[in-house]
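# Per-entry structural report
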Amino acid sequence: MKKDWKRTDPEQLEERRRKKDAKKFWNEQAGETANTVRNREFAVVAYLFLAVFLGMIAYFTYFQVEKSEAFINSPYNARQDAFADRIRRGDIVTAQKEVIATTKTAKDGTESRSYPYGRLFAHAAGFSTNGKAGLESIGNFQLLRSHAFFLEKILNELKDQKNIGDTLVTTLDLRVQQAAYDALAGNQGAVIAMQPSTGKILAMVSKPDFDPNTIAADWESITAQSSSSVLVNRVTQGLYPPGSTFKIFTLLEYMKENRSYKQYGYQCSGSITKDGNAIRCFGNAVHGQEDLQSAFAHSCNASFSEIGLSLDLDRFAKTNEALLFNKKLPCEFPYKQSSFPLASGASSWEVMQTSIGQGKTLVTPYHLALVMCAIANDGILMKPYIVDRVENHDGVEVTVNEPETYKELLTPKKSKTLQQYLRAVVTEGTATALNVPGYTAAGKTGSAEFTSAKDSHAWFVGYASKEGVPDLAVSVIVEGAGTGGSYAVPAAKAVFDAYFGS
């Protein structure tokens, strides 16, 4: 019988259908899986682009709200030139509204910048010709903006006239600035005065100076005088050996390392010798038996050299870094960092020199003023500022700067102790000329040798207080003058007298 090849057993047919259905099922599953993977990939890419887009929007918003003015305010931003075409540069005034910089317009429409007080505010106000410096640079954007009444602005635009830029109302005090300027007289040096409780800068003087009214005409001769560095603001950019003012830092470290510091005693014979190197007290003075406070008050070099040799140099370096050595400073003006290079392994000579403020340590007057502010303010350094507020030309307030804490440099307890020692310098030590009625002063003198012939810069850093009046901190250096007590202290006294009305 011939086999019927077309005939198939029903069970075989069912088996074939099952296999066919299973194959179809798995093919469909595989297709769905591939589609799912592709969909997920598309979703990831879409979300990634969405995140980038949202990030760009967030940064753009942040830039517009927080950073745009700082960017536009850069003196290197050419966009500001366009502002000057439409807006007459605003005024800069003192805290009491005396005008220290203004724009004058001639009959032919030519504009020129005028500085009514000439050299008095030279480095503080700066200039806006041949580049920009000082407040002219710091507040450039605000000076070239106008918040005049909108109808006035529209009318000026219709008449093709410039609108008047906003006014910078500074924290500078004319009386204090004049006293600081006069106190330096014909000497080179720097003076800065600040309120420790607020951070306001009341005076900033640097000499040699220049006349900002004639800066354009004098530019070539000024820039040719590289040796005198007329354009350098010595307050923030002048680096000097601190002399005996550095004993503040040595004292602090000794107290931190020795809980029994009140039991310190030293017999000063006028000098100390270690490894064949001798350190002498100023003027070969012999101070005799001293405790820690009297050694500080009389600025005993021999005593503080011995103290320095006893210190842990790594801890000493950390203490000084906490007090802003080798660190960025809160400062709107161009500045230089103070440097403290002493480290473990230093020779005894380096340690002794550094401990009394000689050696390779360098500071700016501004930095020492910040430290004085922190000590006077129980360890808290307020953020320094020199622009109190911005107003439109009619006196309507636009923005205001408020006192703001920058950092705690010292504990209140350490600050109180340092206040006591700094006061002793005035009552019994090298700054007794400041022990006067009218206010209570404290501080530290310094005579920083800078040549082999032992020529020295005169230093005084300190503060004074009077009931009902915010404290005032000062930092004074008189270059090459001699002792701090003879030259820097009288300058500080003149500033205190002007501020407290004595």
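Residues numbered from 1 in each chain as written. Predicted model: local features only at pLDDT ≥ 70, side-chain atom pairs only at ≥ 80, totals over all residues. Heavy atoms only, no water.

Turning next to the sheet that holds strand β4 (residues 111-114). If you walk across this open sheet you meet the six strands as β4-β3-β2-β6-β14-β15, and the pairing is mixed. On the outer flanks of this sheet lie β4 and β15 (397-400), each paired with one strand and no other. Pairing of strand β2 (residues 92-93) with strand β3 (residues 99-105), which is carried by two bridges, proceeds in the antiparallel orientation. Counterpart to Val 93 in the pairing with β3 is Val 99. (Pairing = 2+ DSSP bridges. Helix = DSSP H or I, 4+ residues; strand = E, 2+ residues; numbered from the N terminus.)

A word on unusual backbone geometry. For the peptide bond that leads from Lys 207 to Pro 208, omega is 10°, which places it in the cis range. Tracing the sequence through the fold places Pro 208 in the loop between β8 (201-207) and α8 (215-224). Positive phi, close to 55°, is recorded for Asp 275, a residue that is not glycine. Locating Asp 275 in the fold gives a position in the loop between β10 (271-274) and β11 (277-280). Since its relative accessible area comes to 59%, Asp 275 is described here as exposed. (Buried < 20%, exposed > 50% of the residue type's maximum accessible area, 1.4 Å probe, protein only.)

Spatially, the five strands line up as an open sheet ordered β8-β7-β19-β18-β17, and their pairing is antiparallel. Taken across any chain shown, the strands that pair with only one partner, and hence form the sheet edges, are β8 and β17 (440-449). Taking the axes of each pair of neighbouring strands and ignoring which way they run, one obtains an average angle of 5° across the sheet. The pairing of strand β7 (residues 189-194) with strand β19 (residues 469-478) spans six bridges and is classified as antiparallel. Following the sheet pairing, Ala 190 is matched in β19 by Ile 477. Along the sheet, helix α17 (residues 484-500) contacts β7, β8, β17, β18 (456-466) and β19; its crossing angle with β19, the most-contacted strand, is approximately 150°. (Axes fitted to C-alpha atoms, helices over the stretch in contact; angles between N-to-C directions. Contact = heavy atoms within 4.5 Å.)

Okay, the nonpolar core next. Judged by nonpolar contacts, the single largest core of 119 residues is most densely connected at Leu 292, Phe 460, Leu 472 and Phe 496. The dominant element in this core, judged by the number of residues it contributes, is helix α15 (residues 365-376), at 10 residues. For Leu 292, the contacting residues outside a window of four places in its chain are Leu 251, Tyr 254, Met 255, Tyr 261, Tyr 264, Ile 307 and Tyr 421. (Core = buried A, V, L, I, M, F, W, Y, C linked by side-chain atoms within 4.5 Å.)

So, to be careful, I would describe these as geometric facts and stop short of saying anything about function.
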